[in-house]
Structure formats: structure tokens, C-alpha cells
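Architecture and fold: a report
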Amino acid sequence: MAMATASGRGGRRRRGRGRAAPMSDMNVTPLVDVMLVLLIIFMVTAPMLTAGVPIDLPDSKAEALKEEPHAITISMDGAGRVFLDNEELAPGEMGDRLASVVRDAGATLPVVTLRADQHLDYGKVIAVMGELNAAGFKSISLVTNGSVEAP
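Below: a short report on this structure. Keep in mind the model is a prediction, meaning the values are calculated, not measured.

Cut-offs and rules
Residues numbered from 1 in each chain as written. Predicted model: local features only at pLDDT ≥ 70, side-chain atom pairs only at ≥ 80, totals over all residues. Heavy atoms only, no water. Helix = DSSP H or I, 4+ residues; strand = E, 2+ residues; numbered from the N terminus. Buried < 20%, exposed > 50% of the residue type's maximum accessible area, 1.4 Å probe, protein only. Contact = heavy atoms within 4.5 Å. Areas by Shrake-Rupley, 256 points an atom, 1.4 Å probe, with all protein chains shown as cover. Pairing = 2+ DSSP bridges. Right-handed = clockwise from strand over helix to strand, strands pointing away. Lys, Arg positive; Asp, Glu negative; His and termini not counted. Salt bridge = Lys/Arg side-chain N within 4 Å of Asp/Glu carboxyl O. Polar contact = N/O pair within 3.5 Å; in protein donor to acceptor, adjacent residues only side chain to side chain. Core = buried A, V, L, I, M, F, W, Y, C linked by side-chain atoms within 4.5 Å. 1 Å grid on protein atoms, 1.4 Å probe; cavity = no way out; pocket = protein on both sides within 12 Å on 5 of 7 lines; lining within 4 Å. Points joined across faces, edges and corners; volume = space filled by probe spheres on them.

1. Some words on the overall build of the protein
Of the regular secondary structure elements, the protein holds three helices and seven strands. The buried share of the protein, reckoned over its 151 residues, is 19%. Sequence-distant contacts in the protein: of pairs separated by 6 or more residues, those separated by 24 or more amount to 71%. Summing over all exposed atoms, the protein offers an accessible surface of approximately 11900 Å²; the carbon and sulfur share of this is 58%.

2. Description of the pairing of strand β5 (residues 111–116)
Within a regular beta strand, the side chains point alternately toward one face of the sheet and then the other, so they alternate between its two faces. Along β5, five of the six residues are buried, which leaves the element largely enclosed by surrounding structure. Pairing of strand β2 (residues 71–76) with β5 involves six bridges; the strand directions are parallel. Residue Ile-72 lies in a different strand from β5, and its bridge partner there is Val-112. Here β5 runs beside strand β6 (residues 140–142); their pairing, made up of three bridges, is parallel. Opposite Thr-113, over in β6, you have Ser-141 as the bridge partner. The handedness of the β5 to β6 crossover, carried by helix α3 (residues 122–134), is right-handed.

3. Describing the side chain of Asp-117
For Asp-117, the location among the structural elements is in the loop between β5 and α3. Although Asp-117 is buried, it forms no salt bridge, and the closest oppositely charged side chain is Arg-115 at an N-O distance of 8.7 Å. At 2.9 Å, the side chain of Asp-117 and the backbone nitrogen of His-119 are in polar contact.

4. Concerning the pattern of salt bridges
With the rule as written, the count across this model stands at four salt bridges. Between Glu-88 and Arg-81 there is a salt bridge; the shortest N-O distance is 3.9 Å. As a salt-bridge pair, Arg-97 and Glu-93 come within 3.5 Å of each other at their nearest N and O atoms. We classify Glu-93 as partly exposed; its relative accessible area is 26%. Several salt bridges converge on common partners, so that one network encompasses Asp-77, Arg-81 and Glu-88.

5. Looking at the nonpolar core
Residues Ile-74, Met-76, Val-82, Met-94, Val-128 and Leu-132 are the most contacted members of the largest nonpolar core, which totals 16 residues. Listed by contribution, the elements that provide at least two residues to this core are β2, β3 (82–84), α2 (94–99), β5 and α3. Excluding residues within four positions of it along the chain, Met-94 makes contact with Ile-74, Val-82, Leu-89, Val-128, Glu-131 and Leu-132.

6. Section: the pairing of β2
As paired elements, β2 and β3 share three bridges and run antiparallel to each other. From the neighbouring strand, Met-76 faces β3, where its bridge partner is Val-82. Between β2 and the antiparallel strand that follows it, β3, lie five residues; Gly-80 among them carries a positive phi value of about 90°.

7. Structural notes on the layout of surface pockets
To find the voids left in a structure, one rolls a probe of water-molecule size over its atoms. Roughly 220 Å³ of internal volume is contained in the second largest pocket. Taken together, 14 residues line the second largest pocket, and the ones lying closest to its centre are Pro-58, Ala-116, Tyr-122, Val-125 and Leu-142. At the level of elements, β5 and α3 are the ones that each hand at least two residues to the lining of the second largest pocket. By residue number, the principal contributor to the lining of the second largest pocket is α3, which donates four residues.

Written out as C-alpha cells, the structure is:
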């Protein structure tokens, strides 16, 4: 005795004229894979984005500074060039640029961090600090590399 199946032949039911029904959901696995790769790339490169001007900083035992949301970074490379937030300044331009810095709601100036190359002449660093002081920036943070032992 043979049993008849409800689907006709082969045990499969087909709709329409033999075409497969369109898929109504989207496969998100490739999207998730790409997003995870991008997340890893950003996690690796984000710490490198804070220092735009390559500088050989001196070593010290100082604790790390807290990141401030509204901060100005002054960088001085080994050749003595001065940068304001990754933008090179012409000689004598720094005073005018610092005068145009916007104060925040409490009428206080933003935090200033000074990054200077360790092989740079001390007098050049002091000259930049004097310009910062003349522009009204009385609190200046000097940036160094953290190390286990003092030089």
C-alpha cells in the first residue's frame, strides 16, 4: 500500500508557478561583522589621535592629566616651531590667536597644556610660557611621558 502525501510530488509544496517566495527579512550578520571590525579599528587608533604633532617628550614620574573637554594644546617641536591645536603658528602670531580664545560660561579661560620637545632650548619654552601668561593664561600644564624611574 502506498500513502499519498499532501504536497503532491517530492514532499515539497510550491507556491505560484515554481518560483521561490521572496525573503522578507534581511541578513544582518555581515553588517555586524563590519561594525565590529570598525569598532576595533577605532579603539586602536583613538589613543593616537590626541597627539597630532610628533614630539619627543621628556620622561617623569608625574601622574597622568585628566582629559578636559575644553582645552588648548600648545606644542613645540624640536625645531622650535609652535603649534596651537595641531595648526602651526607664524612667529608673533600666538598672542593674537590666544586673545581670540572664547571663554566658557563662567568667564574662565580653558585649560592650557604645553607639549615641548625634550631637546628644545629652555629659553624658547619659557618665552612661549611668557606669551601664555601675557594672554591671561595663568595655569599651564606641562606634558611629559610617564615613566617608572626618574631621569
